[in-house]
Amino acid sequence: MKRWKRKGMFGYRAFYKKKQGALVGLFAAAILAQLAARAMTDWESMKNVLTVSAIITVLPMANLASPLLATLKYPSITRDFYEKCRPYEERAQMLYELIITSGDLILPVDAAAIHPTGVYCYCPKKDVDVKKAEKYLNGMLTKWKLDGNARVMTEERTFFKRLESLRLIPEEEQDGSAPHVEELLRNLSI
């Protein structure tokens, strides 16, 4: 089993939290070490340098910590859910455990099916503004010159009914946009 996970793979959220947590911890340790070194020196110029370097180290740590904080409340999908989705990988390209963000939207997508007829996302968060999420996704798809046909579903049953209705389209009949849609969804995700 691979230790490194890419966006869109099963287990990515847990991997991301561990990786980002380790990096934030490393930066926190560096800040504490700089402050400890500051306390141990009597040289005033060195104290100033160590203080400034500790302050400057906080900025990249904050850049790493903010997406980590946004992802903490979204757990990885269960193995059962993943196994329920796997049979549909023949009909559509599947991405798992994405957290799509915009300026005013955090959309935890447990599974996304990329099919020539559209992009179908399952979001377990019931209070998500589906219309706003679909408008954002469709806007991004059209900006990338792709068909803006994305649907967000908050009911698992509805999502699997939609996956069941997808038919297998031969590769020679596909428009070749699936890799571009996949790249876009990965880029929009944390």
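This structure is a prediction, so every number in the text was calculated from the model and none was measured. (Residues numbered from 1 in each chain as written. Predicted model: local features only at pLDDT ≥ 70, side-chain atom pairs only at ≥ 80, totals over all residues. Heavy atoms only, no water.)

1. Concerning the side chain of Q20
Turning to its location among the elements, Q20 is positioned in helix α1 (residues 12–40). In this structure Q20 comes out as buried when scored by relative accessible area, which is 5%. Setting aside residues up to four positions removed in sequence, Q20 forms contacts with L64 and L68. (Helix = DSSP H or I, 4+ residues; strand = E, 2+ residues; numbered from the N terminus. Buried < 20%, exposed > 50% of the residue type's maximum accessible area, 1.4 Å probe, protein only. Contact = heavy atoms within 4.5 Å.)

2. So, the sheet that holds strand β1 (residues 93–102)
Overall, mixed pairing links the 4 strands, which are arranged β1-β2-β3-β4 in an open sheet. Sheet topology places β1 and β4 (150–153) at the edges, where each strand pairs with a single neighbour. Each neighbouring strand pair of the sheet contributes to a mean axis angle of 30°, computed without reference to strand direction. Here β1 runs beside strand β2 (residues 105–115); their pairing, made up of 9 bridges, is antiparallel. Bridging from a neighbouring strand, I99 pairs with P108 of β2. (Pairing = 2+ DSSP bridges. Axes fitted to C-alpha atoms, helices over the stretch in contact; angles between N-to-C directions.)

3. Regarding helix α6 (residues 178–188)
All of the buried residues in α6 are A178, V181, E182, L184, L185, R186 and L188. Check the buried side of α6 and you find it contacts β1, β2, β3 (118–122) and α4 (130–143).

4. Remarks on the pairing of β4
Looking down a regular strand, the side chains alternate between one sheet face and the other. Here β3 runs beside β4; their pairing, made up of 4 bridges, is parallel. Looking at the pairing, V119 lines up with A150 of β4. Viewed along the sheet, the connection from β3 through α4 into β4 turns out right-handed. (Right-handed = clockwise from strand over helix to strand, strands pointing away.)

5. Section: the environment of K126
Secondary-structure assignment places K126 in the loop between β3 and α4. Residues K126 and M46, 80 residues apart in the sequence, show an inter-C-alpha distance of 53 Å. Ignoring anything within four residues of it in the chain, the contact list for K126 reads T154 and E155. A polar atom in the side chain of K126 sits 2.5 Å from the backbone oxygen of T154. (Polar contact = N/O pair within 3.5 Å; in protein donor to acceptor, adjacent residues only side chain to side chain.)

6. Some remarks on the nonpolar core
Across soluble globular proteins, nonpolar side chains have a tendency to be buried as a group. Grouped together as the largest cluster of nonpolar side chains are 24 residues, with contacts concentrated most on I100, L107, L137 and L185. Counting residues per element, the ones that place at least two in this core are β1, β2, β3, α4, β4 and α6. Residue contacts for L137: discarding those within four places in its chain leaves I100, L107, C121, A150, V152, L185 and L188. The next biggest cluster of nonpolar side chains, apart from the first, holds 18 residues, and it includes Y82, A111, A113 and M153. (Core = buried A, V, L, I, M, F, W, Y, C linked by side-chain atoms within 4.5 Å.)

7. With respect to the packing of aromatic side chains
Taken as a whole and assessed by the stated rule, the structure comprises 9 aromatic pairs. Each ring, one from F81 and one from F160, has its centre 5.6 Å from the other, and the planes form 65°; the classification is edge-to-face. With F81 in helix α3 (residues 79–85) and F160 in helix α5 (residues 156–165), this residue pair connects regions lying 79 residues apart in the sequence. The buried category is assigned to F160, whose relative accessible area is 11%. Joined through ring pairs, the aromatic side chains of F81, Y88, Y122, F159 and F160 make up one cluster. (Phe/Tyr/Trp six-rings, centres within 6.5 Å; stacked < 30°, edge-to-face > 60°.)

8. Notes on the packing of α4 against α6
α6 packs onto α4 with a crossing angle of 125° between their chain directions and a minimal axis gap of 11 Å. Classified by the angle between their axes, α4 and α6 sit oblique to one another. You can see that α4 and α6 cross each other, and the crossing is right-handed. Residue-level inspection shows Y136, L137, M140 and L141 of α4 in contact with α6, the latter providing V181, L184, L185 and L188. Among the residues forming the contact of α4 with α6, the class breakdown is 8 nonpolar, no polar and no charged. (Parallel < 35°, antiparallel > 145°, perpendicular 65-115°, else oblique. Left-handed = near helix turned anticlockwise from the far one by under 90°. Nonpolar A, V, L, I, M, F, W, Y, C, P; charged D, E, K, R; others polar.)

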